[in-house]
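Architecture and fold: a report
Each chain, letter by letter, is given below.
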Amino acid sequence: MEMQHCGVPASRLSNHGARSSGDGMVAVGMGWFSLLLLNLEEYYFEQHTANHINKGCRGERQIRGSLKICSKSIIFEPDDNIHPIIKIPLRDCLNIEAPEDNEANKHFAREIPGGISITSNQVHLIKERNIIAPYKTERGKNEYFFQLDVAGKVEDVIQTLLQLYRASHLDELGDQAAMITAILQSRLARTSFDKNRFQSISETLHMECEAEMVTPLVTNPGHVCVTDANLYFQPLNGYPKPVVQITLYNVRRIYKRRHGLMPVGLEVFCTENDLCSDIYLKFYNPQDRDELYFYIATYLENHIAEHTAESYMLQWQRGHISNYQYLLHLNNLADRSCNDLSQYPVFPWIIADYSSSELDLTKPETFRDLSKPIGALNKERLERLLTRYREMPEPKFMYGSHYSSPGYVLFYLVRVAPEYMLCLQNGKFDHADRTFNSIAETWKNCLDGATDFKELIPEFYENDSSFLVNGLKLDLGKRQGGKMVEDVELPPWASDPDDFLQKSQDALESQYVSEHLHEWIDLIFGYKQKGSEAIGAHNVFHPLTYEGGVDLNSIMDPNEKVALLTQILEFGQTPKQLFTVPHPHRIIPKFKSLSRTSSHSVSITDSPVSPGEESFEDLTEESITLAWNSIAKLKLDEQHKIHKEAITGIAVSFNGSSVFTTSQDSTLKMFSKETKTLQRSVSFSNMALSSCLILPGDTTVICSSWDNHIYFYSIAFGRQQDVLMGHDDAVSKICWHDDRLYSASWDSTVKVWQCVPAEILGTRRHSFELLAELEHDVSVNTINTNAANTLLVSGTKEGTISIWDVTSTTVLHQLACHSGTVYDAAFSPDSRHLLSTGEDGCFKVIDVQTGTLISSLSSDQPQRCFKWDGNTVLSGGQSGELLVWDLLEGKVIEKFKGHAGAVTSMWMNEQCNNVITGGEDRQIMLWKLQY
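Numbering of residues begins from 1 in every chain and follows the order in which that chain's sequence is written. Residues qualify for local features only when their pLDDT is at least 70, as the model is predicted, and side-chain atom pairs are given and counted only at 80 or more; totals for whole chains, interfaces and linings, by contrast, use all residues. Neither water nor hydrogens contribute to the side-chain values; these are computed over all heavy atoms in the structure.

As recorded in an unreviewed UniProt entry, the protein goes by the name Protein FAN isoform X2, listed as coming from Alligator sinensis.

Focus: helix α10 (residues 439–448)
Put simply, the test is: Note on exposure labels: buried denotes an accessible area under 20% of the residue type's maximum, exposed denotes more than 50%, and partly exposed covers the range between, all computed with a 1.4 Å probe on protein chains only. Counting from the N terminus, the helices are the DSSP runs of H or I reaching at least four residues and the strands are the DSSP runs of E reaching at least two. The arc refers to the directions leading from the helix axis to the C-beta atoms. Contacts were defined at the residue level, with two residues in contact if any of their heavy atoms lie within 4.5 Å. Each polar contact in these results corresponds to two N or O atoms within 3.5 Å; when the atoms are within protein, one needs to be able to donate a hydrogen and the other to accept it, and residues that are neighboring in sequence are counted only if both atoms are side-chain atoms.
When we look at burial in α10, the residues that qualify are I439, T442, W443 and C446. End-on, the buried residues of α10 take up no more than an arc of 100°, which puts them together on one face. Elements that come into contact with the buried residues of α10 comprise α7 (379–391), α8 (406–413) and α11 (497–508). Measuring from the backbone nitrogen of A440 back to the side-chain oxygen at the start of α10 gives 3.3 Å, which picks out S438 as the cap.

Quick word on the environment of E889
Along the chain, the position of E889 falls in the loop between β41 (882–886) and β42 (891–896). With a relative accessible area of 34%, E889 lands in the partly exposed category. The spatial distance from the C-alpha of E889 to the C-alpha of Y312 is 8.8 Å, given a sequence separation of 577 residues.

Overview of the side chain of S748
Among the secondary structure elements, S748 is positioned in the loop between β28 (740–745) and β29 (749–756). One polar contact links the side chain of S748 to the main-chain carbonyl oxygen of V778, over a distance of 3.3 Å.

Let's talk about the sheet that holds strand β30 (residues 767–775)
Here is the rule: Pairing between strands requires that DSSP locate at least two bridges from one strand to the other. Axis lines are fitted through C-alpha atoms, for helices just across the contact stretch, and the angle between N-to-C directions can take any value from 0 to 180 degrees.
Taken in spatial order, the 4 strands line up as β27-β28-β29-β30 in an open sheet, and their pairing is antiparallel. What marks the edges here is a single partner per strand, and that holds for β27 (731–737) and β30. If you compare each strand with its neighbour and ignore which way they point, the axes differ by 20° on average. As paired elements, β29 and β30 share 8 bridges and run antiparallel to each other. Within β30, the position partnered with T749 by the bridge is E775.

Overview of a negative patch on the surface
Rule in force here: Note that patches include only residues with greater than 30% relative accessible area and no salt bridge, and the join distances are 9 Å for like charges and 5 Å for nonpolar side chains (Val, Leu, Ile, Met, Phe, Trp, Tyr). To measure how exposed things are, a 1.4 Å probe is used in the Shrake-Rupley method; for residues, cover is taken only from the protein chains shown. Here a salt bridge means any side-chain nitrogen of Lys or Arg lying within 4 Å of a carboxyl oxygen belonging to Asp or Glu. The positive count covers Lys and Arg only, the negative count covers Asp and Glu only, and His and the chain ends enter neither. Working definition for charges: the position is that of NZ of Lys, CZ of Arg, CG of Asp or CD of Glu.
There is a patch of like negative charges on the surface, built from D171, E172, D175, D557 and E560. Within the element layout of this structure, D557 appears in the loop between α13 (531–536) and α14 (558–571).

Some words on the pattern of salt bridges
Under the defined criterion, the tally for this structure stands at 26 salt bridges. The closest approach of N and O atoms between D369 and K372, which form a salt bridge, is 3.9 Å. K372 sits in the partly exposed class, given a relative accessible area of 31%. A cluster of three or more residues bridged by salt bridges with shared partners is formed by R257, R258, E267, D335 and K576.

Looking at helix α5 (residues 309–317)
In terms of burial, α5 is a largely internal element, 8 of the 9 residues being buried. A309, S311, Y312, M313, L314, Q315, W316 and Q317 are the residues of α5 that are buried. Just downstream of α5, G319 is the residue with a positive phi angle, here 80°.

Some thoughts on the packing of aromatic side chains
Here is the rule we go by: Pairing of aromatic side chains requires ring centres within 6.5 Å, counting the rings of Phe and Tyr and the six-membered ring of Trp. Pairs whose planes differ by under 30 degrees are stacked, by over 60 edge-to-face, and all others tilted. Over a ring means this: the NZ of a Lys or the CZ of an Arg is within 6 Å of the ring centre and within 35 degrees of the ring normal.
This structure, assessed with the given rule, holds 36 aromatic pairs. Between the aromatic rings of W349 and W443, the centroid separation amounts to 5.1 Å while the plane-to-plane angle is 50°, which identifies the pairing as tilted. Within this pair, whereas W349 is found in the loop between α6 (323–333) and α7, its partner W443 is found in helix α10, the two being separated by 94 residues in sequence. With a centroid separation of 5.1 Å and an interplanar angle of 70°, the aromatic rings of F460 and F467 are classed as edge-to-face. Both residues of the pair, F460 and F467, count as buried. Among the aromatic residues, those joined into a cluster by ring pairs are W349, Y354, F411, Y412, F436, W443, F460, F467, W493 and F500. One residue, K256, lies across the ring of Y293, its end atom 4.8 Å from the ring centre. Here the basic side chain of K454 rests over the ring of F411, its NZ or CZ set 4.5 Å away from the ring centre.

Description of the confidence of the model for the protein
Operational definition: Scored from 0 to 100, pLDDT records how confident the predictor is in each individual residue.
On average, residues of the protein carry a pLDDT of 87, and 90% of them reach 70 or more. The low-confidence segment residues 1–11 (pLDDT under 50) makes 44 contacts with residues lying over four places distant or belonging to another chain. The low-confidence segment residues 590–619, where pLDDT is below 50, has 38 contacts with residues more than four positions distant or belonging to other chains.

Quick notes on the packing of α6 against helix α12 (residues 511–524)
What counts is decided by this rule: Orientation is classified from the angle alone, with under 35 degrees giving roughly parallel, over 145 giving roughly antiparallel, 65 to 115 giving roughly perpendicular, and any other angle giving oblique. The handedness criterion is simple: a crossing whose near helix is rotated anticlockwise from the far helix by less than a right angle is left-handed, and one whose near helix is rotated clockwise is right-handed.
Two elements in contact, α6 and α12, have axes separated by 11 Å at closest approach and are oriented at 15°. Relative to α12, the element α6 is oriented roughly parallel. Here α6 runs over α12; the crossing is right-handed. Touching N323, Y326, L327 and L330 of α6 are V513, S514, L517, W520 and I521, all from α12.

Looking at the environment of G174
Counting through the fold element by element, G174 comes out in helix α3 (residues 173–189). A relative accessible area of 2% means that G174 is categorised as buried. Taking the C-alpha atoms as reference points, G174 and V562, 388 residues apart in sequence, are found 5.8 Å from one another. Every residue in contact with G174, bar those within four places of it in the chain, is listed here: P558, N559 and V562.

In structure tokens form, the structure reads like this:
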């Protein structure tokens, strides 16, 4: 049967509607022809209603059915499934003709018009009495007669068969493939998409081209058509239905795919998390694929966020998606698809204990070492492989087989997908002793076998255990010792197949695996997949399995190309490389935080409060989490125009009564929230002021200026108290923490000052000591420190982000993040991540520990300033809007109409429930949360 899209997991390749025949085999209850009856790389062209006329010793017998013309065979499917399907390979045919062309059969032709005679050396009889079993082969010269219902089609059918017959008898496989491709392209060129199949007469056609619908092991050629509302695929043969239609509005994800080593695949999903797609298309050239992708992606971009590996990494790191979900997403992004068995999703062996009566997930020895590939887990075997590797001429490889291939996938799934195994293995099941008989045996062979390095498939961590049970009562053979192959033998610690899957899921989500999964990701999807790191990790496979390992377009010999492609598709392919730097580890909480969505959670070892007690910090934590969860309910409370130019900085007194603002109009202003009046206006020079902050105690406001100076203003005395002439160009931003002043400047430096306030010294002037000078290559536009004052981030006018260790004043990481100026940057409350925004309209998320850029999110306009809690972002845009972003989902969840011009400055109180913004429109706007 054909693959049931979006079905239950273990039934992705299952035989839908199967029933027991009562004799130990399996019968399929409905629709018994399948594209799986074709050979690999074979096409089904057309069908004709016909009778099979069996001229036996007991006289003539007519069997009603359908004659199917395929590129390498003729298949007759009887209507009554008590009779077998007859498959006649064209390569084994001796003669194809109309009976009237043969003297011996002229009487037959007169009696039965519309006849076709086929003489063959060999035929396959399949699914007799509708039982799935190895094909029966009848050898010896035999003649088969078929009578078409429409006699007038005989000549055309025979001409088609003779053309395909000639192709099948060419000596070279490459020549056969080329001739069949020419026949296929000619058929496609003579037809087009039937516009009567449109859902609505008002639909507008955007593009039409030829393509093939891909399902496991087979492809089906036809016409693709996309309109302003729907994506259509019309199979050339009308099978399994006349047209496949997908409403664009329902599409949730779309991925470009590498198919047969070429960038010609496209997979479309109408679900967020399902591993099974709604359609997988293979195009005849990359241009058609890219044009269709661009059209659908453009249609979707207004309501669908494109997820990257980095955005999923961020979700996984913070515990928002499970290990299982993360691996599914990575497989999807790395071109792994349920529709392509040479690139089927790959999952790791997790458990190493298959002998104990109880499974102890608290013991590290229960688990497989995730830092090593399967081939490196056994030291003795690895030594033998390395000896061979060292002696091998270039190109070298350590393992002669891959960890994922069509054969391995069907090894695991043969009990639910027997027809796929028969298709792959030319009508045979594997030898009984090589079948998937036991979990423990399979694991042992992966550890000790000379050529067995296979990993697992997602089904081992899902909820459908049918692939472990011979529910279809298949005759899979008899093992040495006489035992029949039945259900898979489970380890002692599993009471039944469902219990085995549940414990496997528990193991995958365990703390040990959460702490080490990033090591396996490095091997399969990451920086240890290729190059010197792969060699060091003993993770080197045949070069042809890697993306870019061979350029098929550069191979001119068609026979070499066919042979190479067949070898790769059967051998398996390495996933697309998603990460080129070490993957960050998962953040493992020591105890359950107040909210899963909070990134403020601290380790219990960092807190003096014992579990169960509730401190003031806990309550503050809870209120902050509540505020951020409700941030989309922000409401504009009041607004005031108090400056003559754009506002550049906002600071608020501790009691919240006074708002201080700086502006490009060169003034510092003090606004009373209580009386809603402007109380002071101060000018230090005729140059713009760029930022401001208020010192603890509410006695002093510090302002940075484009005149290269930093000004100290005494609130109590109402005058300039001091000036720090600290830079050689405009000062762009200042920060304060624990008597230290940090100043950023267009002179390409960030300076760290020890500042003792005048009040403490008992003098009229502050005391300044330059502690450090952090050098940059270009002008620095913004800086920020983390909550603990241990880290500083700087962003330049050329888009570079630098993370500095404040204590040692050394740069930890430097990344070219943005194209154009970095507008704002800030650490998450737990200091594990850094968010920046720039002139290029992008948000960038960086893992602070590794310096890895783990997420990039595009906006339709630059975001000038923001506040965030590690998950949710409140930003001010170039257009004047305030936007609320869900970083994990990668989308805007709320918009507020704000300023008439860019939002240039933003302040938020400690409880995160009051916000003040300043804009190019010279206004300040006061916002409040409405719970």
